[in-house]
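# An overview of the molecular structure
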Amino acid sequence: MAETHDRPPEQFTLRMRRYDPESGEAPYWDEHTIELEPHRSVLEAILQARDRFDGSIGIRCSCRQAICGSCGVRVNGEPALACHTHLDAAKHSARDGVIEIEPMGNMPVIKDLIVDMDEVHWKKIRRVTPWLLAKQPVPEREYLVPAESMVDVTQTIGCIQCGACVSDCLAMEVDPLFIGPAALAKAYRFVGDPRDDQHFERLNDLAQDPHGMFDCTHCFKCVDACPKDVNPMGQIMRLRRIATNDHHIVDQNNGERHEAAFTSLIRDNGLLWEAELLPRSYGGNSWFGKFHPRAGKELLSSLPAIVRALVRGKVTPAGALKPHRIPKPDLRSIQSIYENVESREQRSELNLYIAGEDEEPPPPEVPVVAGVVAPVAEMESADGAAEGAHSAPGPEGTTKPPDPETAAEETSEGRAPEGADVEAGDSGSSPPGAEGSTSQ
Amino acid sequence: MKVAYWPGCVSRGFTPELHGSMAKVAPLLDIELVELDRACCTGAGVIAEHNQELADTLNARTFALAQQVDGAAMMMNICSTCQGAQSECQERLDANAEYREHINGTLSSEGLSYEKGLTNKNFLWLLVEEIGLEKLRSLVKRPLTNLRVGPFYGCYIVRPRRRLGIDAEHPRDDYLHHVIAALGGTVIEYAGMRKCCGFPIITMNKEASLKQAGRHLGDAVDATADCLVTPCPLCHLNLDLQQPLAEKVVGRELDMPVLHLPQLVGLALGLEPKELGMNRHVVRPTSVIDWSASVVGAAA
């Protein structure tokens, strides 16, 4: 990095989206060329343009070190903190070498790069009652809770309220009333907190709301947008998991029925039976679900699509009425996995944000042969053969030189806050050593 | 190249033309498909939402079965959602040896065990990274000249970038562009090409779901695309099967054909639209069929 910092100033051209709603003029693009060292931030570049060329450029900022969350913008179409984006990286990702800066999406523009966070983001945050509804009686001194139970919510506590996930949320793009990723992640911060007394009420509220937890489309936009790895979509999935599994909340949005129908159809057939999934999601999770009035109504509204699918031979009546199944012995294995996992006293979950990754040498390309584990000697000799072998690289922060002897100890360090005890609970049903596992 | 082949559920259910066209195209690309017919659904994120360990175990079983396929270079899928769901489980399994051991413990009654490091690629990734665009270009018999194709990536194959191994060296979120161009087609960009088709919330918020599909299709119409191509059968359900309903929600006629990736490849490799099951789409791919007829006519 030292080398990078020694690089002399260079010229960078910024193309900024300008808009002043009060002026009555349409938005327009404005270009300025500034000069700064490549490691400096996009925010510094915007401020230099404002100081040198046009004092009317609107940008909100404060801490300049990715803590306050004020300078959320879009850089080359992607959400980012302007203070946390290096100029050389921004230039590299620009289409034509010009760094394009726009205000965040899904929120009205106040001026230029400043959006109205109150109108959208903060309104949604307030919607989820973002404070502790404490268990009574309130103790005279502090609440005492096991450290590991708080480690679980550290990921959501990491949120700096920058609005990047809100800006990029695709569900909000079509449904502005969607509570959205930041607020739902904030809701999990309290649902996961053992001191809070209103878990059921919070979950029931968010499950029944047509724009609540079941309105998320699984698009992963917020996961990539978040500069702090809060993984809002992951938190929304946890809200759903707890609402349906632990509190047995049956919502009016088909969320619980859909999950139950999907999960049990795979248990019963091994493969998805689409023709049965839809009516069950509406009418209830049984073969009779399709006769429920809700399912009938849905069937009727989908008739134009169903008729065309039948006419084109895309779907045959026999195919719709009969599930496709995997072979019987395999189906029995699948069912035994279901029984095995679902009978555990505590549901377990591995959160890599907290657990981190094993610090092992990168694996050699494992040949796909007969499920036989390659002998250790062979694995070691294959050092460096791993190039191109990873289709799914894990999170960052694993670049430490491998040391197999200490690897096991290092694993437990993860990314937990200093001083926090990250050991998993001693439940025999938790996966051994899964430090990031929780019982959510 | 021999691969352990995971076709997914929907390619054998509501989009049978996908599985069928892949089977037709594979030999032309010298891909030997060994179907994992003992494996179960990936859970499409829904089983993970219900119980993460259950999804991880079911997918670890599939990975273990893939590792048993003698001589297979890797596992291949033809469904973006499968890729996304499997990558998520694999990320956890590969990250933590003790967790993997725990999951393998559940699989042991069947004599199965997942060994860290399986390579699992969607057909799109395999086309670009294993077969290569040069080779693909050389195999083209009927270049898609003047066919205006809009890529529709969907979500599960482009996000999250880190998990899916997308970086400057592996711009996997641009691969559809490269493939369309290599087949001789014209790439049509439009606003929704990497957005969500809306399928995951079709039962929870149908209007929002169809508004998503309708908007992207409308964007593609405005960009004068002849057709879209997608590597995801679930996107295909919302964009093709549901298109008559999406038209009502967005209040405009769309009539935008949507092809599965193997269909587009097959067309350029000389197969006929009917062989590729294009007659089974809800939105008749007339523009594509007319185009192929005109190309054949011109050649004659």
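Being a predicted model, the structure only gives us computed values, none of them experimental. (Residues numbered from 1 in each chain as written. Chains lettered and ligands numbered in written order. Predicted model: local features only at pLDDT ≥ 70, side-chain atom pairs only at ≥ 80, totals over all residues. Heavy atoms only, no water.)

### Some words on the overall build of chain A
What chain A contains, in helices and strands, is 21 helices and nine strands. When the 440 residues of chain A are sorted by exposure, 50% land in the buried category. (Helix = DSSP H or I, 4+ residues; strand = E, 2+ residues; numbered from the N terminus. Buried < 20%, exposed > 50% of the residue type's maximum accessible area, 1.4 Å probe, protein only.)

### Regarding the sheet that holds strand β2 (residues 32-35) of chain B
By definition, the strands of a sheet pair up through backbone hydrogen bonds, in either a parallel or an antiparallel sense. Residues and elements named next belong to chain B. Judged by pairing direction, the sheet is parallel, and its four strands sit side by side in the order β2-β1-β3-β4 without closing on themselves. Each of the sheet's edge strands pairs with one partner strand only, and the pair in question is β2 and β4 (120-122). The average angle at which neighbouring strand axes cross in this sheet is 40 degrees, direction not considered. Where strand β3 (residues 74-77) meets β4, three bridges bridge the pair, whose relative direction is parallel. Of the residues in β4, the one forming a bridge with N77 is N122. Across the sheet, helix α1 (residues 16-28) touches β1 (2-6), β2 and β3, and the angle it forms with β2 is around 140 degrees. Each of β1, β3 and β4 is contacted by helix α6 (residues 123-131), which is oriented at about 100 degrees to β4, the strand it contacts most. (Pairing = 2+ DSSP bridges. Axes fitted to C-alpha atoms, helices over the stretch in contact; angles between N-to-C directions. Contact = heavy atoms within 4.5 Å.)

### Quick notes on the state of the cysteines
Tallying each qualifying case throughout the model produces zero disulfides over all chains. You can see C89(B) has no disulfide; the closest cysteine sulfur is in C40(B), sitting 10 Å from it. (Disulfide = S-S within 2.5 Å.)

### Digging into the sheet that holds strand β4 (residues 78-81) of chain A
All names here are of chain A. Strand order in the open sheet formed by five strands is β2-β1-β5-β3-β4, and the pairing between neighbours is mixed. The strands lining the two open edges of the sheet, one partner per strand, are β2 (28-36) and β4. Recorded for the sheet is a direction-independent mean angle of 35 degrees between the axes of neighbouring strands. For strand β3 (residues 72-75) and strand β5 (residues 99-102), the ladder comprises two bridges, and the chain directions are antiparallel.

### As for the nonpolar core
Ranked by internal contacts, the top residues of the largest apolar core, which has 50 residues, are F262(A), L36(B), I47(B), L58(B) and M75(B). Secondary structure elements with two or more residues in this core: α13 (255-269), α18 (328-342) and α19 (352-355) of chain A together with β1, α2 (46-50), α3 (52-67), α4 (80-95) and α5 (97-107) of chain B. Tallying contributions element by element places α3(B) first for this core, with eight residues. Discounting chain neighbours no more than four positions away, the residues touching M75(B) are A4(B), W6(B), L36(B), T62(B), F63(B), A66(B), Q86(B), L118(B), T119(B), N120(B) and K121(B). (Core = buried A, V, L, I, M, F, W, Y, C linked by side-chain atoms within 4.5 Å.)

### Some remarks on the packing of α4(B) against α5(B)
Residues and elements named next belong to chain B. Two numbers describe how α4 lies on α5: the axes approach to 5 Å, and their chain directions differ by 110 degrees. Here α4 lies roughly perpendicular to α5, going by the angle between them. Judged by residue contacts, R92, L93, D94 and A95 of α4 engage A97, Y99, R100 and I103 from α5. Residue composition of the contact of α4 with α5, by class: five nonpolar, no polar and three charged. (Parallel < 35°, antiparallel > 145°, perpendicular 65-115°, else oblique. Nonpolar A, V, L, I, M, F, W, Y, C, P; charged D, E, K, R; others polar.)

### Let's talk about helix α9 (residues 181-191) of chain A
Structurally, the α-helix is built with 3.6 residues per turn, so residues lying three or four positions apart point the same way. Most of α9(A) is tucked away: 10 of the 11 residues are buried. Here α9(A) has its buried residues at P181(A), A182(A), A183(A), L184(A), A185(A), A187(A), Y188(A), R189(A), F190(A) and V191(A).

### Notes on the interface of chain B and chain A
Contacts between the two partners involve 96 residues from chain B, matched on the other side by 91 residues from chain A. For the pair chain B and chain A, the summed buried area comes to about 8,400 Å², and 56% of that belongs to carbon and sulfur atoms. Sorting the residues of chain B by area buried against chain A places F14(B), E49(B) and R162(B) first, and these three jointly supply 10% of that buried surface. For the pair chain B and chain A, the number of links is 10 salt bridges. Here chain B is connected to chain A by 37 residue pairs in polar contact (both at pLDDT 80 or more). Taken together, the elements giving at least two residues each to the side of chain B that touches chain A come down to α1, α2, α3, α4, α5, α9 (206-222), α10 (233-241) and α11 (243-250) of chain B. When residues of the side of chain B that touches chain A are assigned to their parent elements, the largest contribution, eight residues, is made by α3(B). The class makeup of the residues in the side of chain B that touches chain A is 41 nonpolar, 27 polar and 28 charged. (Buried area = accessible area lost by both parts, 1.4 Å probe. Salt bridge = Lys/Arg side-chain N within 4 Å of Asp/Glu carboxyl O. Polar contact = N/O pair within 3.5 Å; in protein donor to acceptor, adjacent residues only side chain to side chain.)

### Re a nonpolar patch on the surface
Residue and element names in this part refer to chain A. A grouping of L299, L300, L303, I306, V307, L310 and V311 is seen on the molecular surface, where their side chains present a nonpolar patch of about 630 Å² in accessible area. No other element matches the five residues that helix α16 (residues 303-311) contributes to the nonpolar patch. Summarising the element assignment, L299 is placed in helix α15 (residues 293-301). (Patch = residues over 30% accessible without salt bridge, like charges linked within 9 Å, V, L, I, M, F, W, Y side chains within 5 Å. Areas by Shrake-Rupley, 256 points an atom, 1.4 Å probe, with all protein chains shown as cover.)

### Here we look at the pairing of β2(B)
With four bridges joining them, β1(B) and β2(B) adopt parallel strand pairing. For K2(B), the partnering residue across the bridge sits in β2(B) and is E32(B).

### Examining a positive patch on the surface
Together, K322(A), R325(A), K328(A) and R332(A) make up a positively charged patch on the protein surface. One can find K328(A) in helix α18. (Lys, Arg positive; Asp, Glu negative; His and termini not counted. Charge placed at Lys NZ, Arg CZ, Asp CG, Glu CD.)

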